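Results of the structural survey
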Amino acid sequence: MHGNRFSRMNASWTMRLMDVALRYHEVVDEIATVDHELPPAPGEDEHLSLALANSVIALPGGHFIDHLGTPDAANRWLTERDLAPVDSGMRDMCASQLRSLREQVRALFAARVSALPAIPAALSSINDALTRVPTAPLLQWDDKAGPYRAAPHPTTQIVDHALATLAADAADLLTSDEADRLTACGSAPCTRFLVRRGRRTWCSTRCGDRARAARAYARRTGRDTP
Ligand SMILES: [Zn+2]
């Protein structure tokens, strides 16, 4: 009898553990596919700076996907936008410069969206990047072959050029007519920005669905989101 109850308990625990394991895999799959399926937010195709601002994606459950998280990922991100050749020799420093510009662009976008003053440090970072035009190839002198011109650090040039292009785009967007339609996606935990078209304030259908589900849940239970 004891044995019976014991095995029933065991069975029920096993079921529960299987449930948890199954749910875990669903969540992991969800995380793996969410980003894959998330299309660019409206405006990203036209504005590289918006794509930069949205290059870190917040997922439900406190997870993040950072497309500039490693030098390789940053290189890929730049290559996809014609801002760097494949295998351009990115280092940690380069990826970190891009992430830092992203934070400043995000700060300025957030300020514009909420009609707040800009953070001076964010402004000067953008302006620093803007004026960081590619340096001219320097005059070099080879003992045998004689004088020639070459960039001392091609990767630095590539990154500086990318930073300047991204900063220029942010400056253009913030001073264009479209700035009035710059919006933060209203579906927590998403932190993407978009250029609003029509009345849609979500960056994607997925975010819109989640926001509607959260509202329905709040209505049903009289509580906030689960
Ligand atoms: Zn969103």
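Model, not experiment: these values are computed from the prediction. (Residues numbered from 1 in each chain as written. Predicted model: local features only at pLDDT ≥ 70, side-chain atom pairs only at ≥ 80, totals over all residues.)

1. Some remarks on the overall build of the protein chain
Filter applied, for reference: Here a strand is any run of E in DSSP of at least two residues, a helix any run of H or I of at least four, and the numbering for each starts at the N terminus. Exposure classification rests on a simple neighbour count of other C-beta atoms within 10 Å of a residue's own: a residue reaching 20 or more is buried, one at 12 or fewer is exposed, and one in between is partly exposed. C-beta atoms are placed from the backbone. Contact between two residues is assigned whenever their backbone-derived C-beta positions fall within 7 Å.
Along its length, the protein chain carries seven helices and six strands. In sequence order, the secondary structure elements of the protein chain are arranged as α-α-β-β-α-α-α-β-β-α-β-β-α. Across the 226 residues of the protein chain, 25% fall into the buried class. Partitioning the intrachain contacts of the protein chain with sequence separation of at least 6 by distance along the chain shows that 52% fall at a separation of at least 24.

2. Observations regarding helix H5 (residues 120-130)
To keep things clear, this is the line we draw: Along the arc lie the directions from the helix axis toward the C-beta atoms.
What H5 keeps buried is the set Ala122, Ser125, Ile126 and Ala129. Along the long axis of H5, the arc covered by the buried residues comes to 95 degrees, so they all point the same way. Structural note: H5 exposes Pro120, Ser124 and Asn127 on the side pointing more than 90 degrees away from its buried face. Structurally, H5 contributes buried residues whose contacts are with helix H4 (92-113) and helix H6 (154-175).

3. Focus: the nonpolar core
We count it as follows: Note on terminology: a nonpolar core is any set of buried Ala, Val, Leu, Ile, Met, Phe, Trp, Tyr and Cys residues joined through C-beta atoms within 7 Å.
The biggest cluster of nonpolar side chains holds 39 residues, and the ones touching the most others in it are Ala74, Leu101, Ala162 and Leu166. Listed by contribution, the elements that provide at least two residues to this core are helix H2 (48-53), helix H3 (71-80), H4, H5, H6 and strand E6 (193-195). If you tally residues by element for this core, the top one is H6, at eight residues. Those residues in contact with Leu166, other than ones at most four positions away along the chain, are Leu48, Ser49, Leu52 and Leu101.

4. Examining the pairing of strand E1 (residues 56-59)
How we decide: We call two strands paired when DSSP finds no fewer than two bridges between them.
Taken together, the four bridges between E1 and strand E2 (residues 63-66) define a ladder with antiparallel strand orientation. Residue pairing for E2: Val56 is matched across the bridge by Asp66.

5. Looking at the confidence of the model for the protein chain
Stated precisely, the cut-off is as follows: The quantity called pLDDT is the predictor's confidence in a given residue, expressed from 0 to 100.
Residues at a pLDDT of 70 or more form 80% of the protein chain, whose mean pLDDT is 85. Per-residue pLDDT stays below 50 along residues 24-35; that stretch engages in six contacts with residues further than four places along the chain or on separate chains.

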